[in-house]
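# Working through the structure, step by step
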Amino acid sequence: MSFRTIEWRDNKVIMIDQTRLPGEEIYNEYEDFQSVAEAIKGMIIRGAPAIGVAAAMGIALGAREIIADTHESFFQQLSNVCDVMARTRPTAVNLFWAIKRMKRVADAHRDRELAYIREVLRLEAIRIEEEDLEICKAIGRHGAKLIPEGATVLTHCNAGGLATAGYGTALGVIRAAHDAGKKIKVFADETRPWLQGARLTAWELMKDGIPVTLISDNMAGFFMHKGEITCCVVGADRIAANGDTANKIGTYSVAVLAKENNIPFYVAAPVSTLDLSLAGGSDIPIEERHAREVTHLHGFPVAPEGISVRNPAFDVTPARYIAGIITEKGVVRGDYERGLKKLVG
Ligand code: MRU
């Protein structure tokens with residue numbers, strides 16, 4: 001892939017600015033944890049696994065910023081840094097998974113010098129990023145087997161290299177099928193209101209030379225009914241113990257349309273996206289974002305001033321609509337309760 005989503009370089013965090021794509025490919029530098037937290041909130045970086053990596057790197061930056069005479073003071077301030085990260089976005093569980101992992105590593109080295117703990121945190125953040133890339137490739141290998149030769153695959157939002165440390169989850173499956181020589185095509189839903197499909201998925205697939213056709217969200221049913229879609233593959237922000245899956249708003253509609261048209265609908269996600277502490281999807285917290293994302297396009301109003309707006313950023317697809325959950329450890333089908341538990345256990 002010819003871009004880097006996020007990396008740690010010279011004690012700075014570098015991120016491609018996803019609010020500027022596809023018009024401009026700009027890389028921002030971050031030197032403090034507060035600005036990393038703002039970048040996550042402001043969607044400079046987005047996508048569940050990428051948010052996890054950003055939070056981990058933000059915590060590593062925060063650990064370097066802490067001025068403390070005692071271990072007690074250091075750990076108190078580190079806990080504040082983690083709290084700031086945890087307040088950025090509520091739905092993608094990878095954020096909380098990464099924070100927990102960073103806290104655990106710091107705790108495991110509680111008796112060491114502060115300089116040592118800071119270094120351990122830096123290395124752990126980099127490890128999370130490197131592992132994520134490998135995990136996406138493994139998801140791709142498992143998922144590619146489900147994509148028939150000559151398939152047209154519909155995807156929603158961006159679950160690509162931009163949403164991960166690279167390669168992607170749903171787009172990882174598509175990339176792996178393409179790399180295996182299958183002549184596949186992609187239909188990308190534009191994904192209102194934030195246009196992750198039009199701005200990001202279309203951009204990264206075109207860059208890789210994978211045939212992609214952009215459609216607006218309300219066209220998916222039309223193409224499914226005409227028999228032009230072979231299967232759907234999407235990412236996930238949080239998967240409950242029974243397989244119910246939170247993903248970008250509009251995913252549920254795609255899944256229901258797919259079922260109605262007898263088209264398999266797959267979810268691709270790392271094990272870190274599982275939240276087995278939640279029995280079902282109704283327990284997943286759903287982020288509501290600013291009304292302006294719905295009423296304006298690139299700063300221009302597309303709705304009357306003062307209109308009442310709702311803007312949930314995610315929805316939950318019940319497990320019964322999902323033909324398989326593709327993870328780095330294999331594909332889970334049928335009894336999700338049992339299959340997902342086995343993956344973690
Ligand atoms: O609001 P976003 O852009 O962070 O939402 C992203 C999605 O919903 C993705 O599909 C999901 O995080 C999976 S990314 C591999």
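Residues numbered from 1 in each chain as written. Predicted model: local features only at pLDDT ≥ 70, side-chain atom pairs only at ≥ 80, totals over all residues. Heavy atoms only, no water.

Within the sequence span of helix H1 (residues 33-41), burial applies to Phe33, Val36, Ala37, Ala39 and Ile40. For H1, the angular spread of the buried residues around the axis is 160 degrees, confining them to a single face. Packing partners of the buried residues in H1 comprise strand E2 (12-16), strand E3 (27-30), helix H2 (48-65), helix H3 (71-86) and helix H4 (93-108). One or two steps after H1, the chain reaches methionine 43, where phi turns positive at roughly 65 degrees. (Buried < 20%, exposed > 50% of the residue type's maximum accessible area, 1.4 Å probe, protein only. Helix = DSSP H or I, 4+ residues; strand = E, 2+ residues; numbered from the N terminus. Arc of directions from axis to C-beta. Contact = heavy atoms within 4.5 Å.)

Per the stated rule, a full pass over the model turns up 5 aromatic pairs. Their ring planes at 45 degrees and their centres at 5.1 Å tell us that phenylalanine 3 and tryptophan 203 sit as a pair that is tilted. On the criterion of sequence distance, the pair formed by phenylalanine 3 in the segment before strand E1 (6-9) and tryptophan 203 in helix H7 (residues 196-207) is long-range, its members being 200 residues apart. There is no split in this pair, since phenylalanine 3 and tryptophan 203 are both buried. Three or more aromatic residues joined by ring pairs make a cluster, and in this case those are Phe187, Phe222 and Phe223. The ring of phenylalanine 314 carries the charged tip of lysine 248 above its face, separated from the ring centre by 4.3 Å. (Phe/Tyr/Trp six-rings, centres within 6.5 Å; stacked < 30°, edge-to-face > 60°. Lys NZ or Arg CZ within 6 Å of the ring centre and 35° of its normal.)

We now examine the pattern of salt bridges. One pass over the structure, following the stated rule, counts 20 salt bridges. Here glutamate 129 and arginine 4 are joined by a salt bridge, their closest N and O atoms 3.1 Å apart. Placement of glutamate 129 in helix H5 (residues 114-144) and of arginine 4 in the segment before E1 is noted, with a sequence separation of 125 residues between them. Owing to a relative accessible area of 7%, glutamate 129 belongs among the buried residues under this scheme. For glutamate 124, the salt bridge is made with arginine 127, and the minimal N-O distance between the two is 2.6 Å. With glutamate 124 and arginine 127 both in helix H5, this residue pair falls 3 residues apart, about one helical turn. Three or more residues joined by partner-sharing salt bridges are found here, namely Arg4, Glu7, Arg9 and Glu129. (Salt bridge = Lys/Arg side-chain N within 4 Å of Asp/Glu carboxyl O.)

This brings us to the packing of H3 against H5. One way to put it is that H3 packs onto H5 with a least axis distance of 11 Å and a crossing angle of 25 degrees. Of the possible angle classes, the one that applies to H3 and H5 is roughly parallel. Along its contact with H3, which presents His71, Phe74, Phe75 and Leu78, the element H5 presents Leu114, Ile117, Arg118 and Leu121. Considered class by class, the residues forming the contact of H3 with H5 number 6 nonpolar, 1 polar and 1 charged. (Axes fitted to C-alpha atoms, helices over the stretch in contact; angles between N-to-C directions. Parallel < 35°, antiparallel > 145°, perpendicular 65-115°, else oblique. Nonpolar A, V, L, I, M, F, W, Y, C, P; charged D, E, K, R; others polar.)

A few words on the domain arrangement of the chain. Domain annotation for the chain reports domain 1 (6-136) and domain 2 (139-344). Domain 1 and domain 2 are separated by 25 Å when their C-alpha centres are compared. If you look at the interface, domain 1 gives 27 residues, while domain 2 gives 34 residues. Both sides of the domain 1 and domain 2 interface together cover about 2600 Å² of buried area, and 57% of this is carbon and sulfur. On the domain 1 side of the interface with domain 2, the three residues burying the most area are Arg46, Thr91 and Cys136, jointly 25% of the side's total. At the boundary of domain 1 and domain 2, one finds 2 salt bridges. The partner of arginine 89 in a salt bridge is glutamate 287, and the shortest N-O contact between them spans 2.8 Å. (Domains from an automatic or database assignment. Buried area = accessible area lost by both parts, 1.4 Å probe.)

What follows covers the side chain of asparagine 158. The topology assignment puts asparagine 158 in the loop between strand E4 (152-155) and helix H6 (170-179). In this structure asparagine 158 comes out as buried when scored by relative accessible area, which is 4%. Engagement of the side chain of asparagine 158 in a polar contact is seen with the backbone nitrogen of glycine 160, the distance being 3.4 Å. Discounting residues that sit within four places of it in the chain, asparagine 158 has contacts with Arg46, Ala163, Leu171, Gln196, Leu200, Thr201 and Glu204. (Polar contact = N/O pair within 3.5 Å; in protein donor to acceptor, adjacent residues only side chain to side chain.)

This part is about the site of the ligand. Taken together, 19 residues sit near the ligand, with Ala48, Gln196, Asp237, Asn247 and Lys248 positioned nearest. One nitrogen or oxygen atom from the side chain of arginine 46 is found 2.8 Å from an oxygen atom belonging to the ligand. The separation between an oxygen atom of the ligand and a polar side-chain atom of asparagine 247 is 2.6 Å. For the ligand, whose free accessible area comes to 420 Å², the fraction covered by protein is 100%. When each cavity is represented as a set of grid points, the ligand is found to reside in the largest cavity. Those elements that provide at least two residues to the shell around the ligand are H2 and strand E9 (245-248). Residues belonging to the shell around the ligand are distributed by class as follows: 8 nonpolar, 7 polar and 4 charged. Viewed by domain, the shell around the ligand spans two of them, domain 1 (6-136) and domain 2 (139-344), each represented by three or more residues. (Near = heavy atom within 4 Å. Areas by Shrake-Rupley, 256 points an atom, 1.4 Å probe, with all protein chains shown as cover. 1 Å grid on protein atoms, 1.4 Å probe; cavity = no way out; pocket = protein on both sides within 12 Å on 5 of 7 lines; lining within 4 Å. Sits in = over half its atoms within 2 Å of the grid points.)

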